[in-house]
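Coordinate inspection notes
Chain residues, written in single-letter form:
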Amino acid sequence: MKFNGKKGKSKKGKEARLRAEALLRAQQEEEERLERERLYRELLERLEAKYQGEIESELAQHNSLKQKFLSAQQWKMDYREQARWEHYLSCDGTPDPTVPQEINTFMSLWRDDQDQDVQLVMEKEEVVLHLIEKLEFLLLEAAPEEITDKQRDQYQEVIVQLQDLLHQKYNEATLNLLKIASMYEDSETGNMHTVLQDKNVTFCIWANLKKKPRFKDHSFQEAGHAFELPVSLALSSVAVRLLHTQYDHVSPLWVQCQGLPRQEASATVESTEQPDTGQGPGEEEEKGREEPSVLAAEETGSKGRKESSASLKETSNNTGDIKEMQEETEKNSENLDAPSQEEEALLQEEPGGREEAPQVVDLEQLVPVGGVFHISALQLPPQAQDVGDWTMVELLDVGLEVYPYSPGKAEDGTQEAVQITLRVPDNVIYFKVPVIARWDPAGQWWRTDGISKVTYEAEEKSITFSMGGFSTVALLQDAHLNLPYQAWELHPTGVDEGLFTLTAVFATIQIRIKVSEHLTAGSAKGNHWSLLMFDGEKVQHLKLTETSEAFSEEVEEKSEFHSTLYHMVKDSASNTAMDKVERAGCLFIDSVYQLLLATRVLAYS
């Protein structure tokens, strides 16, 4: 056997050359990489040195811009002071809610006026809501040094007291209406029904005067709400009230007015979310609760929404009288929609009789949207009777009473249930099927158990469900369903005017504000977008784009480090643009700041 030595040597030589070339390329690539890293380190060192040399100057400029925030704060304080003075000069009869003497006198006089009808309460409600809005605005806007902690507690107590008193007046007006229900008897059914509504409230009431089982359901055509009662209730002296308030005076204050500090709950409860099917499990039995008999204040009461419900302290001599009246009101005020012990026990059970754990709503995850629906079964008071030339009526020394309803068994052996249909407010958009929750006045929380057979009709804007009793309910949405933000944009449309566009998961929102933060009027196009990173100390312009495959902190060439986003934008801004920013009014700058702070676009994008 013969071997070709030259051919073998040639092959080995070729392989050696390839290895040598590969090694040379690797060495060259490594040298190039090390050179790039050296140059990049030198770039960073130059940028850092320049940054350290300019940081004091930048911070000084930034502090001068902060003066505009102080100017805006001073303007707000002066404005509030001027508003107080103008209110004092107007003598329009409305109190200053920050003055204990005035607000206590207002509440005391209204509390004593017990002959008002629903329409008058609606008119007074506008004043009450305005007073609450004033206090909420002050709690959110006032600087820490402007009001004391004692005043903050005082304002929150006043808010709760006004809310409770407003609901108490609706209860009193409801009783006054039910006393004369027979005067408004429907010619077809023999029962009484009416709907009153304005921009804040829809008041629906039905009185079962004839007690005929074939009239066990009713639809409030003007409002779009409806109900169907079990036969046992259709044969009883009962009235059904559905009071829909566009506002939420039931949830804790920190939920009603975002930004207020949260009051810690007195107990820890496992929170779960109701599935979109709306099948509500049973609830935990509430022990030791007495059945309510007299209705007055809002079922939440000031006890749960604010730890202290004492009357406002003041130096006037009528402090004791006011406190006594408030204590009397609280004594006569029971929970409007609190079910009886029998009713509560049946609410705990599923149709098959199995009891499940309670489902308490986490209000940091789910929030009420569209107001609150107070659904109540009420005791129908004695009606006037014509006897000869006389009209006689039995007078009872009680207020508005809950009807003592104990659900029984239906013909098919299942538990009786009340079916409710609610018209979804026209000014509300639900991006997902709303979660229905009922208010638990004992635990002071929303619960999703005890609610079943939920049907949501998005096109008809209605939702139908069943309950074992009567409760205050709300429609909840996930507070984070539109997060993370897909995009946001801030650009000017004129002098001290701008457009803020926020693109979320389900919607795009545009808010017209005052702003001059962008370089040119109009939206940024093409490669005008940049990615900036702030690590808590400095801002840097990143080289990568939103379409890059991987994240990198490599900085863009011909860029610099800066201590603030303002100075980073200033690098590429024209003199005209920066002149607009520097000449911008303090209120405009504060408005942009408050909007960005509220939306938190940098955190949620």
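See the structure above.
Residues numbered from 1 in each chain as written. Predicted model: local features only at pLDDT ≥ 70, side-chain atom pairs only at ≥ 80, totals over all residues. Heavy atoms only, no water.

1. Let's talk about the overall build of the protein chain
Helix and strand counts for the protein chain stand at 13 helices and 20 strands. Within the span of the protein chain, comprising 605 residues, buried residues form 43% of the whole. For the protein chain, restricting intrachain contacts to residue pairs at least 6 apart in sequence, the fraction spanning at least 24 positions comes to 72%. Total accessible area computed for the protein chain in this model is approximately 33900 Å², and 51% of it derives from carbon and sulfur atoms. (Helix = DSSP H or I, 4+ residues; strand = E, 2+ residues; numbered from the N terminus. Buried < 20%, exposed > 50% of the residue type's maximum accessible area, 1.4 Å probe, protein only. Contact = heavy atoms within 4.5 Å. Areas by Shrake-Rupley, 256 points an atom, 1.4 Å probe, with all protein chains shown as cover.)

2. Some words on the packing of aromatic side chains
Applying the stated rule across the entire model yields eleven aromatic pairs. Between Phe-431 and Phe-506, the aromatic rings sit 5.5 Å apart at their centres with planes inclined by 20°, giving stacked as the arrangement. Of this pair, Phe-431 sits in the loop between strand S10 (418-423) and strand S11 (435-440) while Phe-506 is found in the loop between strand S17 (497-503) and strand S18 (508-513), placing the two residues 75 residues apart along the sequence. With a relative accessible area of 31%, Phe-431 lands in the partly exposed category. Lying over the aromatic face of Phe-561, Lys-538 brings its terminal NZ or CZ to 5.5 Å of the ring centre. (Phe/Tyr/Trp six-rings, centres within 6.5 Å; stacked < 30°, edge-to-face > 60°. Lys NZ or Arg CZ within 6 Å of the ring centre and 35° of its normal.)

3. Remarks on the pattern of salt bridges
Tallied over the entire structure, the rule returns 18 salt bridges. Between Glu-141 and Lys-76 there is a salt bridge, with its nearest N and O atoms 3.0 Å apart. Of this pair, Glu-141 sits in helix H3 (residues 118-141) while Lys-76 sits in helix H1 (residues 5-90), and the two are 65 residues apart along the sequence. For the salt bridge of Arg-84 with Glu-81, the shortest nitrogen-to-oxygen distance reads 3.1 Å. Of this pair, Arg-84 and Glu-81 both sit in helix H1, separated by three residues, roughly a single helical turn. On the basis of relative accessible area, Arg-84 is assigned to the partly exposed category, the value being 31%. (Salt bridge = Lys/Arg side-chain N within 4 Å of Asp/Glu carboxyl O.)

4. Topic: the nonpolar core
With 44 residues, the main nonpolar core has Leu-162, Leu-166, Tyr-170, Leu-178 and Phe-203 as its most contacted residues. Counting only elements with at least two residues in this core, the list comes to helix H2 (100-112), H3, helix H4 (149-179), strand S2 (201-207) and strand S5 (238-245). In contact with Phe-203, not counting residues within four places along its chain, are Val-118, Met-122, Tyr-170, Thr-174, Leu-177, Thr-194, Val-195, Leu-196, Arg-241, Leu-242 and Leu-243. Counting 31 residues, the second largest nonpolar core, distinct from the first, contains Phe-220, Phe-227, Val-240 and Ile-463. (Core = buried A, V, L, I, M, F, W, Y, C linked by side-chain atoms within 4.5 Å.)

5. Quick notes on the side chain of Gln-477
Relative to the elements of secondary structure, Gln-477 occurs in strand S15 (residues 472-478). By relative accessible area, Gln-477 is classed as buried at 6%. Setting aside its immediate chain neighbours within four residues, Gln-477 contacts Gln-365, Leu-366, Val-367, Val-369, Tyr-430, Phe-431, Lys-432, Val-433 and Pro-434.

6. Let's talk about the packing of H3 against H4
As a packed pair, H3 and H4 sit with axes 10 Å apart at the nearest point and diverge in direction by 165°. Viewed along their axes, H3 and H4 adopt a mutual orientation that is roughly antiparallel. Two packed elements cross with a definite hand, and for H3 against H4 that hand is left-handed. From H3, Val-118, Val-121, Met-122, Glu-125, Val-128, Leu-129, Leu-131, Ile-132, Leu-135, Glu-136, Leu-138 and Leu-139 reach across to H4, where they touch Arg-152, Tyr-155, Gln-156, Val-158, Ile-159, Leu-162, Gln-163, Leu-166, Lys-169, Tyr-170 and Ala-173. (Axes fitted to C-alpha atoms, helices over the stretch in contact; angles between N-to-C directions. Parallel < 35°, antiparallel > 145°, perpendicular 65-115°, else oblique. Left-handed = near helix turned anticlockwise from the far one by under 90°.)

7. Re the sheet that holds strand S16 (residues 487-494)
Judged by pairing direction, the sheet is antiparallel, and its three strands sit side by side in the order S16-S17-S18 without closing on themselves. The open sheet has two edge strands with one neighbour each: S16 and S18. On average, each strand axis in the sheet is tilted by 15° relative to the strand beside it, whichever way the strands run. Pairing of S16 with S17 involves seven bridges; the strand directions are antiparallel. Looking at the pairing, Trp-488 lines up with Leu-502 of S17. Packing against the sheet, helix H12 (residues 586-599) makes contact with S16, S17 and S18, and its axis sits at approximately 5° to S17. (Pairing = 2+ DSSP bridges.)

8. So, the pairing of strand S4 (residues 225-228)
One ladder, built from four bridges, connects strand S3 (residues 217-220) with S4; its direction is antiparallel. If you follow Asp-217 over to S4, its bridge partner there is Glu-228. What sits between the antiparallel neighbours S3 and S4 is a turn of four residues, in which Gly-224 has the positive phi angle 85°. Relative to S10, S4 is paired through three bridges, and the arrangement is antiparallel. Each bridged residue has a counterpart across the sheet, and for Glu-228 the counterpart in S10 is Gln-419.

9. What to know about the packing of H2 against H4
Packing of H2 against H4 brings their axes to within 11 Å, and their N-to-C directions diverge by 15°. In this view, H2 runs roughly parallel relative to H4, as classed from their interaxial angle. Once H2 is placed against H4, the crossing between them reads as left-handed. Across the interface between the two elements, Pro-100, Ile-103, Asn-104, Phe-106, Met-107, Trp-110 and Arg-111 of H2 pack against Gln-154, Val-158, Gln-161, Leu-162, Leu-165, Leu-166, Gln-168 and Lys-169 of H4. Residue composition of the contact of H2 with H4, by class: nine nonpolar, four polar and two charged. (Nonpolar A, V, L, I, M, F, W, Y, C, P; charged D, E, K, R; others polar.)

10. Some remarks on the sheet that holds S10
On the basis of which strands lie adjacent, the open sheet formed by five strands has the order S3-S4-S10-S14-S13 and antiparallel pairing. Strands at the two margins of the open sheet, each flanked by one partner only, are S3 and strand S13 (451-457). Ignoring which end each strand starts from, the neighbouring axes of this sheet average 10° apart.

11. Here's the deal with H4
Because an α-helix packs 3.6 residues into every turn, residues spaced three or four apart end up facing the same way. If you check H4, its first and last C-alpha atoms are 46 Å apart, about what 31 residues at 1.5 Å a residue would give, namely 45 Å. Counting buried residues along H4, 25 of its 31 residues qualify, which places the element largely inside the surrounding structure. (Expected span 1.5 Å × (residues − 1).)

12. Some remarks on the environment of Met-578
Note that Met-578 resides in helix H11 (residues 575-583). Owing to a relative accessible area of 10%, Met-578 belongs among the buried residues under this scheme. Sequence separation between Met-578 and Tyr-566 is twelve residues, and the spatial gap between their C-alpha atoms is 9.9 Å. Excluding anything up to four places from it in sequence, Met-578 contacts Tyr-566, Lys-570 and Ala-573.

13. Topic: the pairing of S13
Of the pairings in the sheet, the one linking S13 to strand S14 (residues 462-467) comprises five bridges and is antiparallel in character. Each residue of the ladder has a partner; that of Ser-452, found in S14, is Ser-466. Remark: four residues form the turn of the hairpin made by S13 and S14, two consecutive strands paired antiparallel; Lys-461 in that turn has positive phi of roughly 55°.

14. Observations concerning unusual backbone geometry
Here the residue pair Leu-483 and Pro-484 is connected by a cis peptide bond, since its omega of 0° sits within 30 degrees of zero. For Pro-484, the location among the structural elements is in the loop between S15 and S16. Unlike most non-glycine residues, Lys-211 shows phi in positive territory, near 55°. Within the secondary structure, Lys-211 is located in the loop between S2 and S3.

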